[in-house]
Amino acid sequence: YWQDPAGQSAVLATAIKEALLSASISTKAVVVSIPRWLVTVRFARLPHAEPAQLRDMVHLEAQQYVLFPIEEVVLDYCLVEDMVGGADDLQTVLLAAVRRPVLQSVLGACERSGLEVTQVTVSSLALAEHLRGTMETTALVHVETGTIDVVVLSNRQLLFSRASQLDTVHTADFTHQRLKEEIARTFLAYQNEFANRPITEVLLSGEGTRSGTPLEQLMQEVIDLPVHRLRAKLLPPNEISNYTVAAGTALQSHPSVIERVNLMPTEGAERKAEATRKRNNLLALAVAGVAIVGAVGFVNSQLKAQEKSQKELKLLTNELDDVKSQADTRKRAYDNVKSVFDD
């Protein structure tokens, strides 16, 4: 699939539906992980700035690393703790960028599967979640057929990330040699960047190369460090190899995530927001319509009550006028009698 995402989106949609059905999963909100070798991930040192200014600086910085025009990628970033120390006016930013066609293919497959994607993360960041409790400088090497994904963490902080493809067309010996070369190149790149933070332990996960040679043996031929299999609290030992990235991806939605990036296209979020606004506007109109109908009914009832009150008031007024006329007549008679009496 990953060799031609745009042309294989329907295949991915079918695979997703089958996987959800076989596992009896009915949830619709999902987090998606993109393989690290398809995503540009870099750490950058940038001045402290307001969010809008920082976003502009990140886009300018990303142009140095992304091999495609910045308009053709979806970019996100997050602030991380200072790894190397330095001037107080600089901060460390983790930025990630992926090509839009790759992302659109994945999101399209999820949409056809009836799923709502809430976050798009990277496989390396998902793997890092399994080391969230690690204090020592530890490397996690995840090997699947065709790919190798390596992350290094220290004190819950992601220091390094690298991934590459492996040739699976040639013989097993060739694949083993290619894997060992990538491992050596990856650890050398880390040492060149973090010479003051040597790796103390290496953890392994993944299916390996499916060639029968234990991954631990291949690693020991390249590096002179303690090598162990990853033990994850969320997964039984026999399932870690199959679901390391999947479980880490799910953990990316947790509030205590180590590094959070979301490569969801903003236009998609804007479309959802616009749809929500339209729904809210329709609801507001409906509520206003009900309120208007209720108000009209209330006003009509008040008018009728007022009209009835006016009729009753008119009758009382007429009765009062009659009583007043009688009182005036009696007063005049009284005045005449009093005048005679006075005379």
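Everything quoted here is computed from the prediction, not taken from an experiment.

Rules behind the numbers
Throughout, residues of each chain are indexed from 1 in the direction in which the sequence is written. Per-residue local features are limited, in this predicted model, to residues with pLDDT of at least 70; the limit for side-chain atom pairs, both in listing and counting, is 80 or more; totals at the level of whole chains, interfaces and linings are taken over all residues. The side-chain numbers reported here are obtained from all heavy atoms of the structure, hydrogens and water having been left aside. Helix and strand assignments follow DSSP, with helices taken as H or I runs no shorter than four residues and strands as E runs no shorter than two, numbered in order from the N terminus. Expected span of a helix: the number of residues minus one, times 1.5 Å. Strand pairing is defined by DSSP finding a minimum of two bridges between the two strands. For helices, the fitted axis covers only the stretch in contact; all axes are lines through C-alpha atoms, and the angles between them, taken along N-to-C directions, range from 0 to 180 degrees. Whether two residues touch is decided by their heavy atoms; if any such pair falls within 4.5 Å, the residues are in contact. Burial status follows relative accessibility: with a 1.4 Å probe on protein chains alone, a residue under 20% of its type maximum counts as buried, one over 50% as exposed, and anything between as partly exposed.

Draft legend 1. Representation of helix H3 (residues 100–112) in the model. Over its 13 residues, H3 runs 18 Å from end to end, which matches the ideal 18 Å to within 8%, given 1.5 Å per residue. Gly114 sits one or two residues past H3 and shows a positive phi near 75°.

Draft legend 2. Focus on the sheet that holds strand E3 (residues 73–80). If you walk across this open sheet you meet the three strands as E2-E4-E3, and the pairing is antiparallel. The open sheet terminates on both sides in strands that have one partner only, identified here as strand E2 (39–47) and E3. For this sheet the average axis-to-axis angle between neighbouring strands, irrespective of direction, equals 25°. Where E3 and strand E4 (residues 90–99) come together, eight bridges link them in antiparallel fashion. Bridging across to E4, Val80 finds its partner in Thr92. Against the sheet, helix H2 (residues 51–62) contacts E2, E3 and E4, and its axis sits at roughly 120° relative to E3. Strands E3 and E4 of the sheet are contacted by H3, whose axis makes an angle of about 70° with E4.

Draft legend 3. Structural view of the side chain of Thr138. Following the sequence through the fold, Thr138 ends up in strand E6 (residues 138–144). According to the relative accessible area criterion, Thr138 is buried, its value standing at 1%.

Draft legend 4. Main features of unusual backbone geometry. With phi around 55°, Ser24 is a residue other than glycine that occupies positive phi space. On the secondary structure map, Ser24 appears in the loop between helix H1 (9–22) and strand E1 (29–34). By relative accessible area, which is 67% here, Ser24 ends up exposed. Unusually for a residue other than glycine, Arg156 sits at a positive phi of about 65°. Looking at the element boundaries, Arg156 is found in the loop between strand E7 (147–154) and strand E8 (157–165).

Draft legend 5. Representation of the sheet that holds E7. On the basis of which strands lie adjacent, the open sheet formed by five strands has the order E8-E7-E6-E9-E10 and mixed pairing. What marks the edges here is a single partner per strand, and that holds for E8 and strand E10 (227–229). Across the sheet, the mean angle from the axis of one strand to that of its neighbour is 20°, orientation sign disregarded. Pairing of E6 with E7, which is carried by seven bridges, proceeds in the antiparallel orientation. Residue pairing in the sheet places His142 in a bridge with Asp149 of E7.

Just geometry here; none of it tells us what the structure is for.
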